[in-house]
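Breakdown of the fold
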Amino acid sequence: MADNTNIQLGTLDFTSIKSSLIEYLKTQDTLKDYDYAGSAIQVILDVLAYNTMYYGQYSNMIANEMFLDSAQRVESIISLVKPLGYVVPGRTSSRARVKVRHGDNITIPKYTKFSGHNEAGIPYTFYSIVNADIDNLDAEVIVDIYEGSTLISNSPLLVDIGNQKGFLSGLDIDITTITIEVLNSESGEWDPWSLSDNVQSGLDGDSRVYWLERSELGFFVVFGGNVGSTVTQIGKQITSADSVRVSYLRSSGSVANGVGSWSIHGFPLAEVENLSDGTGLSSGGTNEPNLDMIKFFAPKWFAAQDRAVTVEDCKALLAARGFVGDATDPYEKFNVWGGEEEDPPMYGRVFVSVNEEVSVDLIGAATNAINVLKDKTCVTILPEFKNPEYVTGVILGEIPYEPMNTARSSSSLMNNIVELLTTKYSKKFDRTLTTSQISKDINSIDASLSSSSSNLTLNIDAKISMGPGGSIRKLKLNNPLSSNTFTTSEFKIGTRYSSDPDISSNLNIRLRVDEWIDNETLSLEGWYVTESGLQSVFKGAGLFKPDKGEITIFGNVSAEPFVCRVSPAIPSFKALRNIVSDIDVSGLTMVRA
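Now for a description of the structure that goes with this document. Everything quoted here is computed from the prediction, not taken from an experiment.

1. Comments concerning the overall build of the protein chain
When you go through the protein chain residue by residue, the secondary structure sums to nine helices and 33 strands. Within the protein chain, buried positions represent 45% of all 593 residues. Across the protein chain, every contact between residues at least 6 apart in sequence was considered, and the portion connecting residues at least 24 apart equals 67%. When the accessible surface of the protein chain is totalled, it reaches about 29800 Å², and 51% of it is carbon and sulfur.

2. With respect to the nonpolar core
Judged by nonpolar contacts, the single largest core of 49 residues is most densely connected at Ile417, Leu477, Ile551 and Leu588. Sequence-distant contacts of leucine 588, that is, excluding residues within four places in its chain, are made with Ile395, Leu396, Gly397, Ile399, Met414, Ile417, Leu421, Ile442 and Leu456.

3. A few points about the packing of helix α1 (residues 14-26) against helix α2 (residues 41-65)
Contact pair α1 / α2: the axes reach a minimum separation of 9 Å and the direction vectors enclose 125°. As the angle between them shows, α1 and α2 are arranged oblique. Crossing handedness for the pair α1 and α2: right-handed. Taking contact as the criterion, the partners of Phe14, Ile17, Lys18, Leu21, Ile22 and Leu25 in α1 are, on α2, Ile41, Gln42, Leu45, Asp46, Leu48, Ala49, Tyr50, Thr52 and Met53. Split by residue class, the contact of α1 with α2 holds 11 nonpolar, two polar and two charged.

4. Looking at the environment of asparagine 163
Inspection of the secondary structure assignment puts asparagine 163 in the loop between β8 (159-160) and β9 (165-169). Between the C-alpha atom of asparagine 163 and that of isoleucine 238, which follows or precedes it by 75 residues, the distance is 10.0 Å.

5. Describing the sheet that holds strand β26 (residues 491-492)
On the basis of which strands lie adjacent, the open sheet formed by six strands has the order β24-β30-β29-β28-β27-β26 and antiparallel pairing. Bordering the open sheet on either side are β24 (473-476) and β26, each of which pairs with just one other strand. Here four bridges tie strand β29 (residues 535-545) to strand β30 (residues 550-553), and the two strands are oriented antiparallel to one another. In the strand pairing of β30, phenylalanine 544 is matched with isoleucine 551.

6. Brief notes about helix α8 (residues 435-443)
Every buried residue belonging to α8 is among Thr435, Ile438, Ser439, Asp441 and Ile442, and all of these are buried. Angular distribution of buried residues about the axis of α8 spans 160°; they occupy a single face of the element.

7. What to know about the pattern of salt bridges
Counting across every chain of the model gives 23 salt bridges. In this structure, glutamate 181 engages arginine 245 in a salt bridge whose closest nitrogen and oxygen atoms are separated by 2.8 Å. Taken together, the positions of glutamate 181 in strand β10 (residues 179-183) and arginine 245 in strand β14 (residues 244-250) put the pair 64 residues apart, joining distant regions of the chain. The salt bridge partner of lysine 539 is aspartate 514, with a shortest N-O separation of 3.1 Å. Within this pair, whereas lysine 539 is found in strand β29, its partner aspartate 514 is found in strand β27 (residues 508-516), the two being separated by 25 residues in sequence. Classification of lysine 539 by relative accessible area gives exposed; the value is 53%. Several salt bridges converge on common partners, so that one network encompasses Arg512, Asp514, Glu525 and Lys539.

8. Quick notes on the environment of valine 372
Within the secondary structure, valine 372 is located in helix α6 (residues 362-376). Sequence-wise, valine 372 and arginine 321 are 51 residues apart; in three dimensions their C-alpha atoms are separated by 8.0 Å. Contact partners of valine 372, with chain neighbours within four places excluded, come to Leu317, Leu318 and Arg321.

9. Some points on the sheet that holds strand β17 (residues 334-338)
Taken in spatial order, the three strands make up an open sheet running β17-β18-β19, and their pairing is mixed. This sheet does not close on itself; its edge strands, each paired only once, are β17 and β19 (382-385). Between one strand axis and the next, the sheet turns by 20° as a mean value, whatever way the strands run. Sheet analysis places strand β18 (residues 349-354) next to β19, joined by four bridges and oriented parallel. Residue pairing for β19: valine 350 is matched across the bridge by proline 383.

10. As for the side chain of serine 282
Tracing the backbone shows serine 282 in the loop between β16 (271-274) and α4 (291-304). Taking relative accessible area as the criterion, serine 282 reaches 2% and is therefore assigned buried. Polar side-chain contacts of serine 282 include one of 2.8 Å to the backbone oxygen of alanine 256.

11. A short note on the packing of aromatic side chains
Inspection of the entire model under this criterion finds nine aromatic pairs. Residues phenylalanine 126 and tryptophan 262 carry aromatic rings whose centres are separated by 4.7 Å and whose planes lie at 75° to one another, so their mutual orientation is edge-to-face. Here tryptophan 262 lies in strand β15 (residues 260-264) and phenylalanine 126 lies in strand β4 (residues 123-128), a separation of 136 residues in the sequence. No difference in accessibility class separates phenylalanine 126 from tryptophan 262, as the two residues are buried. Sitting above the plane of the phenylalanine 220 ring, lysine 165 keeps its charged end 5.1 Å from the centroid. The ring of phenylalanine 351 is capped by lysine 386, whose NZ or CZ atom sits 5.2 Å from the centre of that ring.

12. Describing the packing of helix α7 (residues 410-424) against α8
The interhelical angle for the contact between α7 and α8, taken along N-to-C directions, is 135°, at an axis separation of 10 Å. Classified by the interaxial angle, the pair formed by α7 and α8 is oblique. Crossing geometry of α7 relative to α8 is assigned as right-handed. Residue-level inspection shows Ile417, Leu420, Leu421 and Lys424 of α7 in contact with α8, the latter providing Gln437, Ile438, Asp441 and Ile442. Taken together, the residues that form the contact of α7 with α8 break down as five nonpolar, one polar and two charged.

What counts and what doesn't
In this convention, every chain numbers its residues from 1, walking through the sequence in written order. Confidence filtering applies because this is a predicted model: local features only for residues at pLDDT of at least 70, side-chain atom pairs given and counted only at 80 or more, and all residues used for totals across whole chains, interfaces and linings. The side-chain values count all of the structure's non-hydrogen atoms but skip hydrogen atoms and water molecules. Helix and strand assignments come from DSSP, with helices taken as H or I runs of at least 4 residues and strands as E runs of at least 2, each series counted from the N terminus. Here the term buried applies to any residue with accessible area under 20% of the maximum for its type, exposed to any over 50%, and partly exposed to those in between, with areas from a 1.4 Å probe on protein chains only. Only heavy atoms enter the contact rule, under which two residues are in contact if any of them lie within 4.5 Å. Every accessible area reported is derived by Shrake-Rupley at a probe size of 1.4 Å, with residue values counting cover from the shown protein chains alone. Buried Ala, Val, Leu, Ile, Met, Phe, Trp, Tyr and Cys residues form a nonpolar core when they are joined through side-chain atoms within 4.5 Å. Under this scheme, a helix contributes an axis fitted over its contacting stretch, all axes are lines through C-alpha atoms, and angles between N-to-C directions fall in the 0 to 180 degree range. For classification, angles of less than 35 degrees are called roughly parallel, those exceeding 145 degrees roughly antiparallel, those between 65 and 115 degrees roughly perpendicular, and all remaining angles oblique. In this scheme, a crossing is called left-handed if the near helix is turned counterclockwise away from the far one by less than a right angle; it is called right-handed if the turn is clockwise. Three classes are used: nonpolar for Ala, Val, Leu, Ile, Met, Phe, Trp, Tyr, Cys and Pro, charged for Asp, Glu, Lys and Arg, and polar for all others, with Gly counted as polar. Whether two strands pair comes down to DSSP finding at least two bridges between them. The reported arc concerns the directions from the helix axis to the C-beta atoms and nothing else. Salt bridge, as used here: a side-chain nitrogen of Lys or Arg that lies within 4 Å of a carboxyl oxygen of Asp or Glu. Under this definition, polar contacts are N or O atom pairs within 3.5 Å; protein pairs additionally need one hydrogen-donor-capable and one acceptor-capable atom, and for neighbouring residues in sequence, both atoms have to be side-chain atoms. Centres within 6.5 Å make a pair out of two Phe, Tyr or Trp rings, where for Trp the six-membered ring is used; the pair is then stacked when the planes are under 30 degrees apart, edge-to-face when over 60, and tilted otherwise. We call a charge positioned over a ring when the NZ of a Lys or the CZ of an Arg lies within 6 Å of the ring centre and within 35 degrees of the ring normal.

Set out below in C-alpha cells:
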C-alpha cells in the first residue's frame, strides 16, 4: 500500500505540480522501478501537470470573477453591480463651459452645435444639451457643451412591449446625455421621461420614469411594469400605441480633451468665450470607466439607498453622478466632511469641495455637487461648498547614495526619484505628507540610496489670493505650524498701504511675523529693503495662529496673488477637508554617502 494516498498540490506552477506528481508516484506500488526523469512516462506527466495547471488557473479565475473585490473583467463587474442598482457607464464625453454673447433676445436651442480644435488643430464637435436664453439685460448666457462624434436626435426607440425594454447599441454612448420622450396622444406633445437611479419612494403606475441597464454591446432602456407584489406597478408602462424617441451623444472619449477656440453654428453674430477649467480647455472625457472606482463606490452607493445621511452616503452619491470620472483615487476629485470636523464645529452642515484643476469648472462643479446633495440629504442637513485650497509640500535636503552599490548614474536615480514622488503625490485631498514616508519612497528605488527623515525638511507653500474686491483673506491649514518660519514671496503692494502718496503703487513687499498679540496669535507686518539698504516696515498686515494653522491677510494688503511658506510643527502635514496637496522635490540633491 502506498505511503501517501494524496497528491500534494500547493501552487499553480507547472514545475511544482509535476514534481508533486513524481513524488506521489514514487510512494506507490503500481508503477515501481520507473525512471521518471528519462522514460516515456515524462510525456504523460507533462500532460497531467499542464492539465492540472490550466484547470487550477481556470478555477481560480472563475472564483475571482464571482466577487466584486477580485473581478477583473468588465462583464463580470457589470453583472456583480447590477443587483446594487449601479449602472456601469461606457465612454464619457469631454465637456467645457462657455459664455455666449449676443445683442438680441435669443434662445440657443438644445443640441446647438459648437466647434473647437486642440493644439494639433484637430477639430471636434460639441453640443449643448439644454435650451439657453439670452436677454437684453445680460446679453450673455453660460452654456455647458458636450463633445459628440455623432448626435442621435429624436430617433425612434423600438420597445419590446412584453419586457418593457428598448436597446441602444454601442458602448460609446455617454449615458448622461440620454433623453427619452414619449408622445402624449392627448396633447400631441412629446413628454420627457426621467431617469431613475433606483426604485424611489412614490413611484406608481403614472410615474414617467425609466431605468438604464448595461450589456456587453450597449444599454437597455427599461420602463415600468407590474412586479407582481403588494406594489402592483412601478413606473408607467409603454403600450403598443405609444411612440418613443431617444436622443443622445456618441463620445470620442479622452481624445476630445484639450479642445478650445470655440465657435457656435447658426448664430453668426454671437461671440463665444471660454469658461472652462484651469487649463482653459475641455476636459473630463474618458474611454472607459475606472473599474477600481466602481468596485470602491458601487457598494457605498447601494448602502446609501439613494439618500445622503452619512458622509459616506454623500461620497457615493457624488461618485454615482460622475464626480470621480477616470481618476484612480476618489480624493483626486472631491472630498466630503461633516460640520462637526470644522473648527469651530458647525453642526447640521455637510461640506464638499472639488479639485478645480480636474473638474470642468469650479462654479459648475460646485453647483452640481450642492444640487445633488440638497436633493438627497435630510431636511436638517444643509450642504455647503468650500473652495479648494492648494498647498505644495516643498521637500528640501540631500539624498545620500553609494555609487559602488549601483550601475546607475546619480542623474538617472534623481530622475526616477522625481518621477516616483511627483506621480505618487499628485494633487489630491485627504493626504498625509511625512519626511519618513518620503524617505522610504526614495530608498525603494535603488539599494544604493540611504535617505532618512533627518536628511529632509518639509515646508508648506500655500498660494494666497485676496478675497473679492481685495477683501480680507483667511486660510486654514488645519495643522500646527512652527511660529518662526513664516515667510512669503514678493508681491505688489495693495491699496491698504499704497494710498499713502509717499509709497509707490509698484512697490514690491513681503510679509513676516511681527509680535505676539496674545498666547495664540502673532501679528504680521509687510517689509521691503530701501535703496539705501534699510528695512521699511508696514504694520498690521494680518494675523498668524501657528497652533491652529490659521493665516489671515487683511484687506487690500496685496494687489496680486502670492505664496506663503510655513513649516509644520512636526515633520508631517495632513491635507484635511478642503486642502489639496501635491509635492515639489526640486530642492533635493544627491550626495555621496
